[in-house]
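Close look at the chain arrangement
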Amino acid sequence: MRVLVVGSGGREHALVRAIAQSPMVTALFCAPGNPGIAPLATLVPIPAADVDALTSFAAANAIDLVVPGPEAPLVAGLADHLAARGVRCCGPSAAAARLEGSKQFAKEVADAAGIPTARWEAFTDSHHALDFVQRRGAPLVVKADGLAAGKGVVVAQTVAEAEAAVIACLRDKAFGHAGATVVIEECLVGHEVSVFALCDGRDAIFLGAARDYKRVGDGDIGPNTGGMGAIAPPPGFTHDTQALVMETIIRPALAEMARRGMPFTGILFAGLMLTEQGPKLIEFNVRFGDPEAETLLPLLASDLVPALVAACQGDIAGATLTWRAEASVSVVMAGAGYPNAYQRGSVIGGLERAAAGDEVSVFHAGTRTDGDKIVADGGRVLVVNAMAPSLVQARERAYAAVDAIVWPEGFCRRDIGSHF
Ligand code: AMP
Ligand code: GLY
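In this text, all values refer to a predicted model and were calculated from it rather than measured experimentally. (Residues numbered from 1 in each chain as written. Chains lettered and ligands numbered in written order. Predicted model: local features only at pLDDT ≥ 70, side-chain atom pairs only at ≥ 80, totals over all residues. Heavy atoms only, no water.)

**Let's talk about the layout of surface pockets**
Just so we agree on the cut-off: Grid points spaced at 1 Å over the protein atoms alone were grouped into cavities, where a 1.4 Å probe fits but cannot get out, and pockets, open sets with protein on both sides within 12 Å along at least five of seven lines, with lining residues defined by an atom within 4 Å of a point. Grid points are joined across faces, edges and corners, and a volume is the space filled by probe spheres set on the points. Strands here are runs of E lasting at least two residues and helices are runs of H or I lasting at least four, both read from the DSSP assignment and numbered beginning at the N terminus. Nonpolar residues are Ala, Val, Leu, Ile, Met, Phe, Trp, Tyr, Cys and Pro. Charged residues are Asp, Glu, Lys and Arg, and all others, Gly as well, are polar.
Approximately 420 Å³ is the volume found for the second largest pocket. Phe 206, Gly 208, Pro 233, Gln 242 and Trp 323 are, among the 20 residues lining the second largest pocket, the residues nearest its centre. Here the element with the most residues in the lining of the second largest pocket is strand 11 (residues 204-212); it accounts for five residues. Residues of the lining of the second largest pocket, tallied by class, amount to 13 nonpolar, five polar and two charged.

**Here's the deal with the site of ligand 2**
Put simply, the rule is: Note on terminology: near, applied to a residue and a molecule or strand, indicates that one of the residue's heavy atoms is within 4 Å of it. Polar contact is defined as a pair of N or O atoms within 3.5 Å, subject to the rule that within protein one atom must be able to donate a hydrogen and the other to accept it, and that residues adjacent in sequence are counted only when both atoms are side-chain atoms.
Inspection of the region around ligand 2 gives Asp 212, Gly 226, Phe 269, Arg 287, Gly 289, Asp 290, Pro 291 and Glu 292 as its neighbouring residues. Within the backbone of Gly 226, an N or O atom sits 3.1 Å from a nitrogen atom of ligand 2. Taking Asp 290, its main chain carries an N or O atom lying 2.9 Å from an oxygen atom of ligand 2. Counted by class, the shell around ligand 2 contains two nonpolar, two polar and four charged residues.

**Section: the packing of aromatic side chains**
Applied cut-off: Planes of paired rings set the category: under 30 degrees apart is stacked, over 60 is edge-to-face and the rest tilted, where pairs are Phe, Tyr or Trp rings (Trp by its six-membered ring) whose centres lie within 6.5 Å. Think of it in three bands: with a 1.4 Å probe and only protein chains considered, a residue is buried below 20% of the maximum accessible area for its type, exposed above 50%, and partly exposed in between. Criterion for a charge above a ring: Arg CZ or Lys NZ at most 6 Å from the ring centre, at most 35 degrees from the ring normal.
All chains considered together, the criterion is met by five aromatic pairs. A ring pair is formed by Phe 123 and Phe 132, whose centres lie 5.1 Å apart and whose planes are at 45 degrees; its orientation type is tilted. Judged by its relative accessible area of 2%, Phe 132 is buried. Ring geometry for Phe 196 versus Phe 269: centroids 4.6 Å apart, planes at 55 degrees, classification tilted. Pair noted here: Phe 196 is in strand 10 (residues 191-200) and Phe 269 is in strand 15 (residues 265-275), with a separation of 73 residues, a long-range link. Residue classification places Phe 196 among the buried residues on the basis of a relative accessible area of 0%. On the accessibility criterion, Phe 269 (5% relative accessible area) is buried. Aromatic ring contacts, followed pair by pair, group Phe 196, Phe 269 and Phe 288 into a single cluster. Note that Arg 211 overlies the ring of Tyr 213, its terminal NZ or CZ placed 4.2 Å from the centroid.

**Details of the site of ligand 1**
Condition: What sets the accessible areas is the Shrake-Rupley method with a 1.4 Å probe; for residues, cover comes only from the shown protein chains.
Around ligand 1, a shell composed of 15 residues is seen, among which Lys 143, Glu 185, Leu 188, Glu 192 and Glu 283 lie nearest. Between ligand 1 and the protein, one listed contact pairs an oxygen atom with a side-chain N or O atom of Glu 283 at 2.6 Å. Against a free-state accessible area of 470 Å², the protein chains account for coverage of 89% of ligand 1. For the shell around ligand 1, the secondary structure elements donating two or more residues are strand 7 (140-144), strand 8 (153-156), strand 9 (182-186) and strand 16 (278-285). Here the shell around ligand 1 is built from residues that sort into eight nonpolar, no polar and seven charged.

**Side note on the packing of helix 6 (residues 103-113) against helix 9 (residues 239-259)**
For clarity, the cut-off: Only the stretch in contact is used when fitting a helix axis, every axis being a line fitted to C-alpha atoms; angles between N-to-C directions are given from 0 to 180 degrees. In these notes the angle categories are as follows: under 35 degrees is roughly parallel, over 145 is roughly antiparallel, 65 to 115 is roughly perpendicular, and the rest is oblique. We call two residues in contact whenever any of their non-hydrogen atoms come within 4.5 Å of each other.
Relative to each other, helix 6 and helix 9 sit at 105 degrees, their axes nearing to 9 Å. Classified by the angle between their axes, helix 6 and helix 9 sit roughly perpendicular to one another. Along the contact surface, helix 6 presents Phe 105, Val 109, Ala 112 and Ala 113, while helix 9 presents Pro 252, Ala 253, Glu 256 and Met 257. When the residues that make up the contact of helix 6 with helix 9 are grouped by side-chain class, the tally is seven nonpolar, no polar and one charged.

**So, the nonpolar core**
For soluble globular proteins, the rule of thumb is that nonpolar side chains tend to be buried together. To keep it simple, the criterion reads: The nonpolar core is taken to be a set of buried Ala, Val, Leu, Ile, Met, Phe, Trp, Tyr and Cys residues, with the residues joined through side-chain atoms within 4.5 Å.
By size, the foremost hydrophobic cluster in this structure holds 45 residues, and its most contacted members are Ile 19, Leu 198 and Phe 288. Counting 31 residues, the second largest nonpolar core, distinct from the first, contains Phe 237, Leu 254, Met 262 and Leu 281.

Treat this as a map of the structure, not an account of what it does.
Shown next as structure tokens:
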């Protein structure tokens, strides 16, 4: 089987490594990939967002399966273009990818499916939105409807903050077209968890749960990021909770999407709040999380590829995945300044020594080569993962590997896995 993975981050490095282990795979490509992926797959210099070029490449190179990492090509219709050329894609159509591309759409689907979620209303008119904020009072969550690179959500503790968020979005057009509509929600209280399911359009299997650390600073302070670390499994996430999430959130969403004529194929990512009333949906994403993929995939003890194929063929019920009963911890190393402006080009050393640690993987997220050196080339640059029988041991292994990396211009959180 000839497989193409799309993307260039740590998530794609983890996907490529899992797929490369499959005896079913005879050729593996990654577009555009990164230096960590280069030893495992043939890199193809096509940007992840270039749907036409990716489709042409897949058709011309007899690709049997495309596995997209990021959401952008999916929202732009990669799966539809590939389907038109007869190429299987383990990701949703553009219509189904609206679950991530539009928060209003996701909330409509959730309500129609009876999925527990925060009460909400959508507005395009700032007067109506401000009036609603006044009537409801704080706390409230104000969200740009469309994709805003993770920056479109404000959890407002005061009415003034909520008003400022409405004005930034609807009047000042801070997120352009993505903020032409705002969704204003009730603020949920509890513990957040990321849940993943591999879906075939009607049915799904559980792909794991992880706790993501979104804030840049220790103790969950500072601005939101793409994720500064993750742990799996989340402490306290029981088999009963898993079953409840599959029955009250994942399967109802799939049924509603199928009923609308836009069945969901691929990885469905449910961002949840575990509240006193049970798990409630915060948002859907239509892809694996990053760094959740780097945290969950190392725990996989069976072949991922047959399950990906089964998802594409509408036969996920026939697939099984087995997992190591260990704890997994990922620490993100980012360039100084992230998530704001950061420098590129600083040299990173000690990677081999770090990766030699027991049960350690070092995934490349934003690197490039400069001669024979590896240099930083992104905000999130490396994801250091370790597994062990306990969370405490996995944490120790992960930070020992982090400390073997010589990169004075980088930083990481020091408290991943120490509170949750
Ligand atoms: P999102 O981009 O929708 O994942 O939102 C970013 C973050 O905002 C989430 O990870 C939550 O921490 C927070 N958030 C979003 N919606 C809510 C909500 N209704 N209640 C509480 N926190 C929320
Ligand atoms: N780590 C959260 C995300 O991938 O969106």
